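The lines below spell out each chain.
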Amino acid sequence: MSSLDDYLHERRAQFERELVDLLCIPSVSASSANRDDVRRAAAWVVDQFRGLKLKTELVETAGHPIVYAESPAVAGAPTVLVYGHYDVQPPDPLKEWISPPFEPAIREGNIYARGATDDKGQMLTHIKSTEAWLKSQGKLPLQLKFLIEGEEEVGSTHLEEFIAKNRTRLACDCVVISDTSQFAPGVPAITYGLRGLAYFELNLTGPSQDKHSGTFGGAIANPANVLCSMLAALINERGQVQIPGFYNDVEPLTPRERDEFKKLPFDERGFMQKLGVEALRGEEGYSTLERRWARPTCDINGMLSGYTGEGAKTVLPARAMAKFSFRLVPKQDPKIISAALEKRLRELCPKGVKMELVSSHGAPGVVVPLDSPYVAAAERAIEHGFGKRPVFMREGGSIPVVAIFHDLLGVDTLLLGWGLDDDNPHSPNEKFCLADFHRGIKASAHLWQELGQIKRT
Ligand code: BES
Ligand code: ZN
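Structure report, in brief. (Residues numbered from 1 in each chain as written. Chains lettered and ligands numbered in written order. Predicted model: local features only at pLDDT ≥ 70, side-chain atom pairs only at ≥ 80, totals over all residues. Heavy atoms only, no water.)

What follows deals with the coordination of the zinc ion (ligand 2). The zinc ion (ligand 2) binds to the protein through His85 (NE2), Asp118 (OD), Asp179 (OD) and Asp179 (OD); the donor distances cover 1.8 to 2.4 Å. One way to put it: the 6 donor atoms around the zinc ion (ligand 2) meet at angles of 55 to 164°, and that makes the site irregular. Every donor residue of the zinc ion (ligand 2) comes from the same chain, spaced as H-x32-D-x60-D. Of this pair, His85 sits in strand S3 (residues 79-85) while Asp179 is found in the loop between strand S7 (174-177) and strand S8 (189-194), placing the two residues 94 residues apart along the sequence. Residues His85 and Asp179 agree in their burial class; the two are buried. (Donors = N, O, S within 2.8 Å, 3.2 Å for Na, K, Ca; no water. Tetrahedral: all angles 85-135°; square planar, octahedral: opposite > 155°, others 65-115°. Helix = DSSP H or I, 4+ residues; strand = E, 2+ residues; numbered from the N terminus. Buried < 20%, exposed > 50% of the residue type's maximum accessible area, 1.4 Å probe, protein only.)

Tallied over the entire structure, the rule returns 27 salt bridges. A salt bridge links Arg169 to Glu57; the nearest nitrogen and oxygen atoms lie 2.8 Å apart. Placement of Arg169 in helix H6 (residues 167-170) and of Glu57 in strand S1 (residues 55-59) is noted, with a sequence separation of 112 residues between them. A relative accessible area of 34% places Glu57 in the partly exposed class. Ionic pairing is found between Arg394 and Glu257, a salt bridge with its closest N-O pair at 2.9 Å. Placement of the pair is Arg394 in strand S16 (residues 391-395) and Glu257 in helix H9 (residues 255-263), with a sequence separation of 137 residues. Classification of Arg394 as buried rests on a relative accessible area of 6%. Of the residues examined, Glu257 reaches a relative accessible area of 14% and is grouped as buried. Among the charged side chains, a salt-bridge network with shared partners connects Lys274, Asp422, Asp423 and Lys431. (Salt bridge = Lys/Arg side-chain N within 4 Å of Asp/Glu carboxyl O.)

For Ser99, the position within the fold is in the loop between S3 and strand S4 (105-107). Residue classification places Ser99 among the buried residues on the basis of a relative accessible area of 10%. Not counting residues within four places of it along the chain, the set of residues in contact with Ser99 comprises Ala105, Arg107, Tyr112 and Asn429. (Contact = heavy atoms within 4.5 Å.)

Glu152, Asp179, Arg327, Ser398 and His426 are the nearest of the 15 residues found near ligand 1. Here an oxygen atom of ligand 1 and a side-chain polar atom of Glu153 are 3.1 Å apart. Ser398 is positioned with one of its backbone polar atoms (N or O) 2.8 Å from a nitrogen atom of ligand 1. With the chains in place, 88% of the 510 Å² that ligand 1 exposes on its own is no longer accessible. Considered class by class, the residues forming the shell around ligand 1 number 3 nonpolar, 6 polar and 6 charged. (Near = heavy atom within 4 Å. Polar contact = N/O pair within 3.5 Å; in protein donor to acceptor, adjacent residues only side chain to side chain. Areas by Shrake-Rupley, 256 points an atom, 1.4 Å probe, with all protein chains shown as cover. Nonpolar A, V, L, I, M, F, W, Y, C, P; charged D, E, K, R; others polar.)

Moving on: the pairing of S1. Note that S1 and strand S2 (residues 66-70) share 5 bridges and pair antiparallel. Paired with Leu58 across the strands is Val67, a residue of S2. (Pairing = 2+ DSSP bridges.)

Here we come to the sheet that holds strand S18 (residues 431-433). The 3 strands are arranged S4-S5-S18 in an open sheet whose pairing can be described as antiparallel. Of all the strands in the sheet, just S4 and S18 have a single pairing partner and so form its edges. If you compare each strand with its neighbour and ignore which way they point, the axes differ by 25° on average. Here strand S5 (residues 110-112) runs beside S18; their pairing, made up of 3 bridges, is antiparallel. By the bridge assignment, Tyr112 is partnered in S18 with Lys431. Contacting S5 and S18, helix H4 (residues 116-137) crosses the sheet at an angle of about 45° to S18. (Axes fitted to C-alpha atoms, helices over the stretch in contact; angles between N-to-C directions.)

Turning our eyes to something else, we now look at the packing of H4 against helix H15 (residues 434-452). Interhelical geometry of H4 versus H15 gives an angle of 50° and a closest axis separation of 8 Å. When the interaxial angle is binned, H4 and H15 end up oblique. Taken as a pair, H4 and H15 cross one another with a handedness that is right-handed. Between H4 and H15, the residues in contact are Gly121, Leu124, Thr125, His126, Lys128, Ser129, Thr130 and Trp133 and Phe437, Gly440, Ile441, Ser444, Ala445, Trp448 and Gln449, respectively. Its residues assigned to classes, the contact of H4 with H15 comprises 6 nonpolar, 8 polar and 1 charged. (Parallel < 35°, antiparallel > 145°, perpendicular 65-115°, else oblique. Left-handed = near helix turned anticlockwise from the far one by under 90°.)

It is worth spelling out the packing of aromatic side chains at this point. This structure, assessed with the given rule, holds 13 aromatic pairs. Arranged with centres 5.2 Å apart and planes meeting at 80°, the rings of Phe246 and Tyr247 form a pair that is edge-to-face. Tyr247 gets classed as partly exposed once you look at its relative accessible area, which sits at 25%. Over the face of the ring belonging to Tyr112 we find Arg107, whose NZ or CZ atom lies 4.1 Å from the ring centre. (Phe/Tyr/Trp six-rings, centres within 6.5 Å; stacked < 30°, edge-to-face > 60°. Lys NZ or Arg CZ within 6 Å of the ring centre and 35° of its normal.)

With that settled, the discussion passes to the sheet that holds strand S14 (residues 354-363). The 4 strands lie next to each other as S11-S13-S9-S14, forming an open sheet whose pairing is antiparallel. Edge positions in the open sheet fall to strand S11 (297-305) and S14, since each of these has one partner strand only. Across the sheet, the axes of successive neighbouring strands diverge by a mean angle of 15°, strand direction being ignored. Taken together, the 8 bridges between strand S9 (residues 196-205) and S14 define a ladder with antiparallel strand orientation. By the bridge assignment, Leu197 is partnered in S14 with Ala363. Those strands touched by helix H12 (residues 334-348) are S9, strand S13 (319-328) and S14, and its axis lies near 165° from that of S14.

With that settled, the discussion passes to the packing of helix H2 (residues 12-23) against H15. Each pair of packed helices can be described by the angle between their axes along with the distance between the axes. In contact at an axis separation of 11 Å, H2 and H15 are set at 110° when each is read in the N-to-C sense. Relative to H15, H2 is oriented roughly perpendicular. In this structure, H2 meets H15 at a crossing whose hand is right-handed. Facing Arg12, Phe15, Glu16 and Leu19 of H2, the residues of H15 in contact are Leu434, Phe437, His438 and Ile441. Of the residues that constitute the contact of H2 with H15, the class distribution is 5 nonpolar, 1 polar and 2 charged.

See below:
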């Protein structure tokens, strides 16, 4: 495949320029002010596929558009569906960015921009590898279908409906997603598990308006105090979630899996250092990797109440709000968790405070099987691209569509992450290592070769 590898080598600068172009578009799916930018990013992806002469469609939804493209079927070879997302998280807090989030900057071999790793840079590796095949070999060794959405960061709201309505069009033998991380620099990985998510907003209302805390404090319930105690009651000192039934469907880690986790070269000190913390804390009886990958948890994502301006104001706030979420593990059902949570919160909420619980997106956790020819093909392709055989790991984040592919299309997903743990997705100074960008493209190009050789049964 020398002409393929040559093409990849010669086009490095072009690939980087294209990544910069895409990263300049502020496609923040959560923000209505960025609606047109989100469309522009979708159109950019469409142009890429049209440039490769793939059959391409921009699919309108009630939210942001989905981009779908496919290459011709190849007799005897499998069909692979590539999923990615062109939307990004909001860039806040802006002040903490060294260079502006939508003005990509290269420092020490990394490209810094919102979406660099999550998921524009990683998603683009599969488009560029496909380009390399088509331009250097004239055709692909298998059929590829691309499904690139614009709502992943807001829970993939309209994707399920599209997949349900297009099962025949999307039919495939396996799915490939690059939207996760390597285990560590120089330690590429195949991810076989993701946590799920159940996300909530809790609104508490007390008196009809803010009141003097001296005149009224101690006589009525303070929504901010109540919010703190209600949320604090959801998790105990031992890191265990305190909702009746929460652990009912949690499968214990097997001794074998605990052993496998232990064998991974995890540097706890380096982990703390990078995070800027002096100690780690989590569920009692579990290692850090177990806590991050295979145990459910609860985190507050944001809180709003009372006075937070300059100086002090002795006020008893009328309202308090929190956004919080649970990371779930496979078999835990976000809907059951949601019902159990609401019941528990109603018990915890005192008289004199009105409570409203809004349940937003959810996603079940997943584990995918490792004993398949597709995984073996991915191992070889990663070894080719990264020069090392991948390790197997799980991941604490969520990708809602993986369970949907399993349930609606009956296929498993290969989670091949090219990112790194300290890439800062969802936080300031998001980055992607350019060497990994190119290694990812190379691994992907070889993945098409490896997967193309699997005979369809
Ligand atoms: N790329 C991430 C998933 C991820 C997170 C992989 C961390 C590896 C490490 C994805 O785009 C993401 O952030 N997903 C959301 C899903 C949610 C909005 C339903 C998440 O995990 O918060
Ligand atoms: Zn992502």
